[in-house]
Amino acid sequence: MKYPIVAFLLSLFFVATCAYVEHSIISHTTPVEYHFFEDEITWSEAQTHCKSIGGDLVRIYDQTTNDLIMAHINASDIGANIDSGFWIGYNDQRVEGTFEWVSGFVCPYENWGPGEPNNNDNLDPSGQDCVQLRKDTAQWDDEYCGEIRDKAFICEVEVC
Ligand SMILES: *[C@@H]1O[C@H](CO)[C@@H](O)[C@H](O)[C@H]1NC(C)=O
């Protein structure tokens, strides 16, 4: 069986090469650290990487958290090479139309941009199941989970 060995080697390679971009910041409201990565990888690869550092793709459960993260992005050169945005932990992969956080939490707060989520203008009704935080608008946008073009990601790691 070659496959498990290959998969293991690939994951080691991935962890070793995923470039840690910059500072982490600690949330004001919860003991969580945010880690920013500029690697352009799929949503599930991003989640796998977050797991490997003891966390998950970021959960943005209120406006304060969205502002905190955006203020940090705006005030730094995080994502300078990324045109689009950052993968966050929100997705409707399990049940189309029912968005939830990777951790399984469903929170009342959402921050969709105008017309979002739109499943690519409904050209592809079950198509866009993963969510990015857009750099230009600070709002959320559903995207194809396998899209890697111009998309970085943010992990949250519990501090204690
Ligand atoms: C960050 O920049 C974006 C894009 O210019 C803007 O929409 C947003 O309001 C800014 N957010 C904060 C918290 O600075």
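Residues numbered from 1 in each chain as written. Predicted model: local features only at pLDDT ≥ 70, side-chain atom pairs only at ≥ 80, totals over all residues.

> I'm lost on the overall build of the protein chain in this one. Help?
The number of helices and strands found in the protein chain is three helices and eight strands. Taken from the N to the C terminus, the helices and strands of the protein chain come in the order α-β-β-α-β-α-β-β-β-β-β. Buried positions account for 31% of the 160 residues belonging to the protein chain. Of the contacts formed within the protein chain by residues at least 6 apart in sequence, a portion of 70% connects residues at least 24 apart. (Helix = DSSP H or I, 4+ residues; strand = E, 2+ residues; numbered from the N terminus. Buried ≥ 20, exposed ≤ 12 C-beta atoms within 10 Å, placed from the backbone. Contact = placed C-beta atoms within 7 Å.)

> Quick question: what am I supposed to make of the site of the ligand here?
Taken together, Asp67, Met70, Ala71, Asn74, Asp136, Thr137 and Ala138 make up the full set of residues adjacent to the ligand. When its residues are assigned to classes, the shell around the ligand shows three nonpolar, two polar and two charged. (Near = placed C-beta within 6 Å. Nonpolar A, V, L, I, M, F, W, Y, C, P; charged D, E, K, R; others polar.)

> Quick question: what am I supposed to make of helix α3 (residues 63–74) here?
Since there are 3.6 residues in each turn of an α-helix, residues three or four apart along the chain are aligned in direction. In this model α3 runs 16 Å from its N-terminal to its C-terminal C-alpha over twelve residues, within 8% of the 16 Å that 1.5 Å per residue would give. Of all the residues in α3, the buried ones are Thr65, Ile69 and Ile73. Along α3, the residues classed as buried sweep out an arc of 70 degrees about the axis, all on the same side. Facing away from the buried side of α3, by more than 90 degrees, are the exposed residues Gln63, Ala71 and Asn74. The inward-facing, buried residues of α3 contact β2 (32–37) and β8 (151–158). (Expected span 1.5 Å × (residues − 1). Arc of directions from axis to C-beta.)

> Teacher, can you tell me more about helix α2 (residues 43–52) here?
Buried residues of α2: Trp43, Ala46, Gln47, His49 and Cys50, and no others. Buried residues in α2, looked at end-on, bunch into an arc of 160 degrees, giving them a common side. Of the residues one or two after α2, glycine 54 is the one with positive phi, at around 85 degrees.

> Please explain the confidence of the model for the protein chain as it appears in this structure.
Low-pLDDT portions of the prediction should not be read for the details of their coordinates. Scored by pLDDT, the protein chain has a mean of 83; 80% of the residues are at 70 or more. Of the regions scoring below 50 in pLDDT, residues 4–18 engages in five contacts with residues more than four places distant in sequence or in other chains. (pLDDT = per-residue confidence, 0-100.)

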